Amino acid sequence: MPLRLSGSALMLLAGSLVTACADGQGERPIDLAELCVSSACGERVVLLDIPSAENLTFSEDGRLFVSSGQQVVEVTRDGDGAFQATVISESACGFTGLVVREGHLYAACSDGRFWGARLEPQPRLRPIHRFADMCLANGAALGADGRIYVVDEPLMPCVPDPKIKRLTLDPADPLRVIDEALWLQGSPLGQLHLGLDTVLRFPNGLQSRGRRFFGTDGGSIYAVDLQADGSAGPVQPLHFEPDIHDDLGIAGEGLLLAQFGTGRITLLGADGAVLQSTDPGTFRFPSSVRLGRPPMFAPTDVLVTETGVLGDNNLPLDHLSLFRRRAD
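Procedures and definitions
- Residues numbered from 1 in each chain as written.
- Predicted model: local features only at pLDDT ≥ 70, side-chain atom pairs only at ≥ 80, totals over all residues.
- Heavy atoms only, no water.
- Pairing = 2+ DSSP bridges.
- Helix = DSSP H or I, 4+ residues; strand = E, 2+ residues; numbered from the N terminus.
- Axes fitted to C-alpha atoms, helices over the stretch in contact; angles between N-to-C directions.
- Disulfide = S-S within 2.5 Å.
- Buried < 20%, exposed > 50% of the residue type's maximum accessible area, 1.4 Å probe, protein only.
- Contact = heavy atoms within 4.5 Å.

J.: I'm lost on the sheet that holds strand β16 (residues 220–225) in this one. Help?
T.: Sheets are built from strands that pair by backbone hydrogen bonding, the pairs being arranged parallel or antiparallel. Within the open sheet, the four strands sit side by side as β14-β15-β16-β17. Their pairing is antiparallel. Looking at strand neighbours, the two that pair on one side only are β14 (203–209) and β17 (236–240), the edges of this open sheet. Within the sheet, the average angular offset between the axes of one strand and its neighbour, ignoring direction, is 25 degrees. In the sheet, β14 pairs with strand β15 (residues 212–217) via five bridges, with the strands oriented antiparallel. When the sheet's bridge partners are listed, P203 is paired in β15 with D217.

What follows is the structure in structure tokens.
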């Protein structure tokens, strides 16, 4: 069931690919100075039209998966360089966060179901668990302990109860959840986020590097450590600006940020300082951002999902796009 292909994506990636080693969390080491995350040096190219594109992740061997408001797809390239998207979810759902763990793909759905599939040549995602007390399952990340962490984003008409849940998988059956636990509780009041804070109110995206998690919370970026006893350490504010931040990506010692409200992507340094940013309106409501991975992409390529208008799957605003340095 292929999706619409943007003609501008044909034969786009004819340049040489750079290989690199993965660390324990599956992210590539990268020199931040090599990246172009600015409209002064780079350009956006639409690769595929994917209705309500939401999130993306790579497997260790470079397979690319994208979630959307309807389905999860695997993105591939044919011999002519054209990109294609093949649906791998067995039924429709409002898919959000994606995680790859030990040869398996996992996907959260906004209705509280958690899906999984073995990464075979033709994987098929199916529901394997239903969350308890979950308003909107959103961002997801793999912890250093092998467990999967999923954000509960409080949205109306839910009673505000922001939190992060932790799922433990059966060692004998990776498609069976044997425990669901509350890992980090946010503010049950859900007050407006006015600046840097140490309490989660509107958590959304989540990624990990080693034993540290990074997340978005309204206009804030925060870090929280997985402690030796498995509990969550203190929430540490890293960055704030008046915007709506969606998901984020790991970039070496820095972070890539999808700024949904202003249509930008931004590169942050290890201390949360802004290093580079595209012009406002470069993207149509960007929802997630990741560095590329061979063989389809170079490690300095930046992949972005664009959600378009929330709840609409017909307007031509929702894409999987690539941002990379211009040839000139």
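J.: I would appreciate a short explanation of the state of the cysteines in the present structure.
T.: As used here, a disulfide is simply a covalent bond connecting the sulfur atoms of two cysteines. Inspection of every chain in the model, using the stated rule, returns two disulfides. The disulfide bridge from C36 ends at C41, spanning 2.0 Å between sulfur atoms. Looking along the S-S bond of the C36-C41 disulfide, the torsion reads about 110 degrees, which is the right-handed sense. One disulfide bridge connects C93 with C109, the sulfur atoms lying 1.8 Å from each other. Since a negative S-S torsion denotes a left-handed disulfide, the C93-C109 link at about -95 degrees is left-handed. On the criterion of sequence distance, the pair formed by C93 in the loop between β5 (83–87) and β6 (95–101) and C109 in strand β7 (residues 104–109) is long-range, its members being 16 residues apart. The buried category is assigned to C93, whose relative accessible area is 7%.

J.: So what exactly am I meant to see when it comes to the environment of D279 here?
T.: Along the chain, D279 falls in the loop between β21 (274–277) and β22 (286–291). The partly exposed category is assigned to D279, whose relative accessible area is 45%. When the C-alpha positions of D279 and R264 are compared, they lie 6.2 Å apart, and in sequence the two are 15 residues distant. Apart from residues no more than four positions distant in its own chain, D279 is found in contact with S39, G263 and R264.

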